[in-house]
Structure formats: structure tokens, C-alpha cells
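Chain residues, written in single-letter form:
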Number of protein chains: 2
Amino acid sequence: MTARPEPIRGVLAPILTPFADDLSVAHDLFIAHARHLLSTGCAGLAPFGTTGEALSVGIHERIAALDRLIDAGVDPQRLIPGTGLTNLPDTITLTRHAVERGCAGALVLPPFYFKNVPDDGLFAYFARLIEGIPSANLRIYLYHIPPVSQVGFPIDLVRRLRAAFPAQVVGIKDSSGDWSNTRRLLTEVPGLVVYPGSELPLLDALSLGAAGCITATANINATALAEVVSLYQQGREAEAKQRHEAVKAVRLLVQEHGPIPAQKHVLAAWSGDERWRHVRPPLLPLADAAGRQLVRALEREHGLAPSQRTAV
Amino acid sequence: MTARPEPIRGVLAPILTPFADDLSVAHDLFIAHARHLLSTGCAGLAPFGTTGEALSVGIHERIAALDRLIDAGVDPQRLIPGTGLTNLPDTITLTRHAVERGCAGALVLPPFYFKNVPDDGLFAYFARLIEGIPSANLRIYLYHIPPVSQVGFPIDLVRRLRAAFPAQVVGIKDSSGDWSNTRRLLTEVPGLVVYPGSELPLLDALSLGAAGCITATANINATALAEVVSLYQQGREAEAKQRHEAVKAVRLLVQEHGPIPAQKHVLAAWSGDERWRHVRPPLLPLADAAGRQLVRALEREHGLAPSQRTAV
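Please read these numbers as outputs of a predicted model, since none were measured by experiment.

A. How the structure looks around the overall build of chain A. Within chain A, the regular secondary structure consists of 13 helices and 7 strands. Rg of the C-alpha trace for chain A: 18 Å, near the compact-globule value of 20 Å for 312 residues, within the 12% margin. Viewed in the frame of its principal axes, chain A has a C-alpha envelope of about 50 × 45 × 45 Å. For chain A, the share of sequence-separated contacts (at least 6 apart) that also reach a separation of at least 24 residues comes to 71%. When the accessible area of chain A is evaluated, it comes to approximately 11,300 Å², of which 51% is carbon and sulfur surface. Between the centroid of the 30 positive side chains of chain A and the centroid of its 30 negative side chains there is a distance of 2 Å.

B. Examining the relation of the copies chain B and chain A more closely. The operation relating chain B to chain A is a screw motion whose rotation component is 180°, with 0.0 Å of axial translation and a residual RMSD of 0.0 Å. Here the transformation between the copies is reduced to the relation of a two-fold axis. Most of the interface of chain B is mirrored in chain A, where 100% of its interface residues are also at the interface.

C. Summary view of the pattern of salt bridges. Residues and elements named next belong to chain B. One pass over the full model with this rule turns up 32 salt bridges over all chains. Residue Glu-61 is joined to Arg-280 by a salt bridge in which the shortest nitrogen-to-oxygen separation is 2.7 Å. Remark: Arg-280 occurs in the loop between α11 (259-271) and α12 (288-300) and Glu-61 occurs in helix α2 (residues 59-71); sequence separation between them is 219 residues. Exposure remark for Arg-280: the relative accessible area of 4% places this residue in the buried category. A salt bridge links Arg-251 to Glu-199; its shortest N-O distance comes to 2.9 Å. Taken together, the positions of Arg-251 in helix α10 (residues 237-255) and Glu-199 in the loop between β6 (193-196) and α8 (202-207) put the pair 52 residues apart, joining distant regions of the chain. For Arg-251, a relative accessible area of 10% translates into the label buried.

D. Here's a closer look at the side chain of Ser-56 of chain A. Looking at the element boundaries, Ser-56 of chain A is found in the loop between β2 (44-45) and α2 (59-71). Beyond its immediate stretch of four places on either side in the chain, Ser-56 of chain A contacts Arg-280, Pro-281 and Pro-282 of chain A together with Thr-86, Asn-87, Leu-88, Pro-89 and Phe-114 of chain B.

E. Broad picture of the layout of surface pockets. Space inside the largest pocket adds up to approximately 850 Å³. Ile-145, Val-148, Arg-251, Gln-255 and Pro-259 of chain B are, among the 40 residues lining the largest pocket, the residues nearest its centre. Looking at the lining of the largest pocket, the element that brings in the most residues is α11 of chain B, giving 3 residues. Considering the residues around the second largest pocket, the lining is formed by 30 residues, among which Ile-145, Val-148, Arg-251, Gln-255 and Pro-259 of chain A are closest to the centre.

About the cut-offs
- Residues numbered from 1 in each chain as written.
- Chains lettered and ligands numbered in written order.
- Predicted model: local features only at pLDDT ≥ 70, side-chain atom pairs only at ≥ 80, totals over all residues.
- Heavy atoms only, no water.
- Helix = DSSP H or I, 4+ residues; strand = E, 2+ residues; numbered from the N terminus.
- Rg over C-alpha atoms; globule rule 2.2 N^0.38 Å.
- Contact = heavy atoms within 4.5 Å.
- Areas by Shrake-Rupley, 256 points an atom, 1.4 Å probe, with all protein chains shown as cover.
- Lys, Arg positive; Asp, Glu negative; His and termini not counted.
- Charge placed at Lys NZ, Arg CZ, Asp CG, Glu CD.
- Least-squares fit on C-alpha atoms with pLDDT ≥ 70 in both.
- Salt bridge = Lys/Arg side-chain N within 4 Å of Asp/Glu carboxyl O.
- Buried < 20%, exposed > 50% of the residue type's maximum accessible area, 1.4 Å probe, protein only.
- 1 Å grid on protein atoms, 1.4 Å probe; cavity = no way out; pocket = protein on both sides within 12 Å on 5 of 7 lines; lining within 4 Å.
- Points joined across faces, edges and corners; volume = space filled by probe spheres on them.

Shown next as C-alpha cells:
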């Protein structure tokens, strides 16, 4: 009997997906970045989230990239890949693949094409998804990101799904940016593993039992983020708070520039590999001047560069 | 040398996708419904539009369903299938398949996951799509449906795409529901084939040179819709107007109930095949009582049933 998947506790990076000059997935950079993140503070990775430009990557590309990552030795029990599309058959294909490869879970968007759909319809969608993957190792993390997907998971629906499928619907990533929603998920849905989709409410969330957070900036700031969690766990609250303020400042700076192109620009600068600058349309790379300014600010004002420069 | 694809003129149905009891695509019903529509007034079909629950159907299912339709003898030159997803590789796969099967065109959504993306990013997306399908028979119809996809095609972007790719970007389906936008497309973008995504502005649009319309209600009201176009073309304006008022009333009635489940309910009633009632989650079937009321209203107040009942 294989061990059952367990929730990952700590900071998870929704790892950026690097592209080659022809915009195919750059597997070598992807693997190197994954290893770097896992060895510098990340407890886990959530490949193919919004930050990973998941919805800009084809279904077979996503399967191949996850295979390459795991085949290269990345522990699947530290991975919660995004698998949610707008349709059930392809979402089942991606989710089943993640389960078969031994991943800790799958981060599943609601079907996000039709808007204002009834909760009963979303419930039926997840019921069929679960029915389609009859594995004892299926662990679904609901991906709540209404600012992008427009369709989200109202609390009542989360509660219903959790009650109906306690073994499968184990957690949620809350990227609503709405602390009152995160707080309710943490306090009103028993047993739910909650990851805020940002470090901004990290300490408040940890104090209410959050498992950690899944945050875009872990791609460039994993070590400092992990320290916030670690200091908190050691009861060193004042230091945790101070460190938290510092990582929040980095986030706000990155957010100003559009976090995906901005962080890819930073990784290109730090790694010396220009491929990192590629994004897939409809996104556009960050302009040179803005990128240089961002890198300079991160290095001089936030002291971020040196450890990253050599390690990436 | 094969004949080049030509624009379809008249009424096109965004054909509903029927599902079997296990929610797989019911190919027999799909083929029968396509034949029925094409023989009772539709100049063409747009399979896998929003009304066809396209984004609820998997990529391989879509390819198979289009194959089955064409293999059953449906003329591909009367088909403009939807092929737009959120990512380029899979969108290229679907679009290339439509071209290879000899379709009149492909109806392509903008990548709709990321919101508020720059026009340059959408332009780059379509440039790469076109580059990825080096066929002289590629004909792209832009699918503008911001009420659902949230991401749309601003007029300036349409103009740029048309100017850069005059052989490939030939038309647009405008489902904005905004007549001023449709009017501008008809008058300000030279050579663009424009299909309003509804019959509501049909006569005004025809008077400005629209090729016809692509409207959901063609699934249950094709003959009357075709008559509006035909009367207009014969210069019988008063009769066209009268007929137009009648089809608009049908549309408004259907819209009240959610057009997809409502029309599937109607087709189930008229064909006697209960499979027609199935929708895929996140949509839900229409409740029995509402469905019965709708069918009764269509039959008694709008005189719609008899010709359909035997033919479907």
C-alpha cells in the first residue's frame, strides 16, 4: 500500500512556466527553477496556476511538462499542479494524470467560461470530476480566483463539496484577495486546508490554522517567505512580523508591473538566461526600462539578488 | 486546385450539442439536427459556439464530432466551427482540423482566461495562430462575445488584424448585443464579413451589408428566420419587418429561460427524444414546469411546433 497524499505545509510557489525562443516549454529551465525553489524555502510547488500561465499552455504540453519534472526527480508529493479547464473530459485527463504520477493534489478551477452559473451546476461538475477519477489518492484543492476566472466558489458551495466528498475535496487556494472570505474558509469549514493566494494575510491566516500560502512572489522571494512561516512557528512573533512587512513590500512592488512578466524579467536578469523573459500571448514581456528599474529596486532596496543570482 | 472557402450568406445556427445519457456527445442526434437545420432554412452552421456548449466539450470530442458530421455528408462549406480556447497549441489543433476538413471558416474566441490584456497581446496571439496554420484555406471569423468571454475585440484591434491578415481574418460574429458596435464593424472595417450574434438587429444589419446572422434561436426557428432574410432580399420590406417582429418575440421568450437548456427542452418535446434535455455541468437542465410552459407558449402563441415536430 502506497502512502496517501498529505497536505503540504508552508510556502508553495505557483511556479512560472519558462518558454524557449519558439515559445515551447523550456523543460530545462522549468526543472532547474523547481529544484531551486524547493531547495531555497518552498515546501511545495503549484505548477500550472495562473502565474504559470497554465491556461496559455496546451493540455498535452502540460502533461509532458509535469512528466519531465517528476522524471527529473522532483518529488510529486511536493506538487499540487493546476488541472482545471472549462470542460470535464480534459479536466479529468489532467487531474487523473496528476493522481497517477503521485502528486499531493490537484488545484482545480471551476469551469470558467459560462458566467453566473448556479451553484448546483458547479457542484454537479465537481461530482462528475470525482466520479471520473476513482482513485483513493485523489485530493482536490479548489482554486478560487474570481478576479481572473470570474467564476468562483461561494462559501456555501465549498461547504457542500467538502461535506459530500470529504476524502477528495480537501482544500482551497483562496486568491480572492478578500480576507473576510479567507477568514470564513479558515473558521467555518471544518478540516479544510486553506492556502491564501498571497502572502499579504499570511500571519493572520497562520494564526487561524492556514497550511501556508501559495504566492506568485515565491518565484523570486522563497527564502524570505519561508522565514516568515518559520519564525511564526517558533513563536518569534515580532521577528515574523518584521520579515512579513519586508516580503509584503516586495509583493506590492512586483504587482505594480504585472507579476508574470515582471518576475520573468527578474529571473532572466538573475539567471543570465534571456529565455526567462518570454511570455505567451496574450501576455507581453515587460519593457526593458521598467524591468531594469524593478531589478534595481529589488536588489538595492530589498536586498534580494545575491543568493538568487548564483542559484537559479 | 480546390475552391477557396467563401463566406456563408444567410442565417447560421450555432447548433446545440446533444448529449447521451452518460453525457457523451450524441452523434446521431447531432447529425440529424444539422441536416434538419440545413434543410429548413439555415444557410450554414456554427458548431461549437457558446450555444453549442463548446467550452464544456473536450478537444478530442470536438474533433470527433466535426468528423462525424462531415463524414455523414454535411457539406463542410456550410460549417464555421468554433475553435477558440485559451491557449495557442490547442486552438491551432482545432483550427487546423477545421481547415483540413474543408470548412468555410473557423470561429475563434480571443484567449479569455486573462482579463484586461493589451490589444498588442491579442494581436500577437492571432498572428501566431495564423502563422501556425500555413494554409491558403484558413478563414478566421473573430468571435466577439464579451458578455460571456469578458475578453473581446475592440474595433481598433479588428481593424489591425484585418489589415495585417486580409486573406485570413475575414469576418466577425458580434455577440456584444451592442448595436453601435455592430454598426461600426459594418461601416468602418472594409471588406469585413459581419454576422450579428442575434436576430434582434437583423434588418438594420442587412441594410448595412451584413452577411446574415448567427443566432441561437435558429435551432428552433430556422425557417422563420430565413424568411426574414429572404423577404428583405426580395425588397418586400413590410413583410420582412412583420416577420422580424415575430422572430424577435420568440427570441425574447427563449432568452427568459436561459437559451441553451430552454431550447434543448423544446427539441426534446418536439423530437420525442429525451436525450435532448441533457446539458453538461455547470449548466443545468430546464425545470419541467418551465419547459412545458415554454413549449406551450411557442406552439400556441408563436405557431412554431408542427413543422419541427416531424422533421427533427
